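Examination of the molecular architecture
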Amino acid sequence: MSWDETDENGEKVSCSFRFKRESTALLPTAVHAKYLDILLAMFAHNWNPAGILHFRYSDVLRFAGSPTNSRGAKEAIKEAIIRYRCNVTEWQNCWSDHTDTLHFNIIEISSIYDAEGKKHSSRKSNRKEDWHTVTFSKYPVYALKNDTKRILLTDLFKKLKHDTFCVYRYYYGYPDFYLDDNGVKRPHVNWRTLEFLGNIFK
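Bear in mind the structure is a predicted one, so any value in this text is a computation, not a measurement.

1. Some remarks on the pattern of salt bridges
What the rule picks out here adds up to 6 salt bridges. A salt bridge links Arg 56 to Asp 59; its shortest N-O distance comes to 3.0 Å. This pair shows no difference in class: Arg 56 is buried, exactly as Asp 59 is.

2. Notes on the side chain of Asn 93
Note on placement: Asn 93 falls in the loop between strand E4 (87-92) and strand E5 (101-104). For Asn 93, a relative accessible area of 18% translates into the label buried. From its side chain, Asn 93 meets the backbone oxygen of Ser 14 in a polar contact 2.9 Å long.

3. Observations regarding helix H3 (residues 71-86)
In a regular helix each residue adds 1.5 Å, so 16 residues correspond to 22 Å; H3 covers 23 Å between its end C-alpha atoms and thus fits that length. All of the buried residues along H3 are Ala 73, Ala 76, Ile 77, Lys 78, Ala 80, Ile 81, Ile 82, Arg 83, Tyr 84, Arg 85 and Cys 86.

4. With respect to the pairing of E5
A one-sided burial pattern is seen for E5, the buried positions being Leu 102 and Phe 104 and the unburied ones Thr 101 and His 103. Across 4 bridges, the pairing between E4 and E5 is antiparallel. By the bridge assignment, Trp 91 is partnered in E5 with Leu 102.

5. Comments concerning the nonpolar core
Counting 46 residues, the largest nonpolar core has Tyr 35, Leu 53, Phe 55, Val 60, Ile 81 and Phe 136 as the members making the most contacts within it. With 9 residues, the single largest contributor to this core is helix H1 (residues 30-45).

Definitions and cut-offs
Residues numbered from 1 in each chain as written. Predicted model: local features only at pLDDT ≥ 70, side-chain atom pairs only at ≥ 80, totals over all residues. Heavy atoms only, no water. Salt bridge = Lys/Arg side-chain N within 4 Å of Asp/Glu carboxyl O. Buried < 20%, exposed > 50% of the residue type's maximum accessible area, 1.4 Å probe, protein only. Helix = DSSP H or I, 4+ residues; strand = E, 2+ residues; numbered from the N terminus. Polar contact = N/O pair within 3.5 Å; in protein donor to acceptor, adjacent residues only side chain to side chain. Expected span 1.5 Å × (residues − 1). Pairing = 2+ DSSP bridges. Core = buried A, V, L, I, M, F, W, Y, C linked by side-chain atoms within 4.5 Å.

Structure below.
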C-alpha cells in the first residue's frame, strides 16, 4: 500500500507499507490480523520491556467472542502467529516522525511450532510457565508503551467482522497526540476520509 500524508510542517510525504515473504508462509488475512490485534491488546495491558506475552488460547478466543473450545479458531490463532513471525513488514515514512524505512517481523519468537504435535498449553493451568508465549519486535513494544497507546473496547473484537475491524482499527488506530522535540504533548490531527480508506482497502 502507498499513500501521501501531510506532516506537522504541512509538507506532503510519500508513505508505503508492504509485507515481504521470506519463507513459505502465506500472508496474513483479515482473520489473522484480528487475532494479532487481540494479542497486542493483551500485551499492552501487561506491558513489559522484553516484549513477551504469556497467553492461553482460551483467553484469546474469549476476547474474540468465540467458543473457547473451537478447534478451528485455535488453528487460526496458531496460523496468525506463524504468519506474523515468518513474514517481514516494511514501513517507509509511516512508523515515526523520521523519514526511515524499517522492516521487521512483528512477532520474533513464539512457542507455537509450524509442525503439529509440539507444545500445548493447558487451558486450566494458572501457571504462566504452562502457557504459550510470543515475543514481539522492539518497535511495536516501544509503540505500545505508556501514552503512545490508545484503548480499544474488547466488545469491538466480538461485535465487528474481521475485515470491518481491520478498517476500524486503521481509521481510529492512531494516538490522539504526539510528543514534540521538547517533550510537550501536541494534538495529532490526522483525519482519514472515506476516499482515503477506499484507496487503501481496494
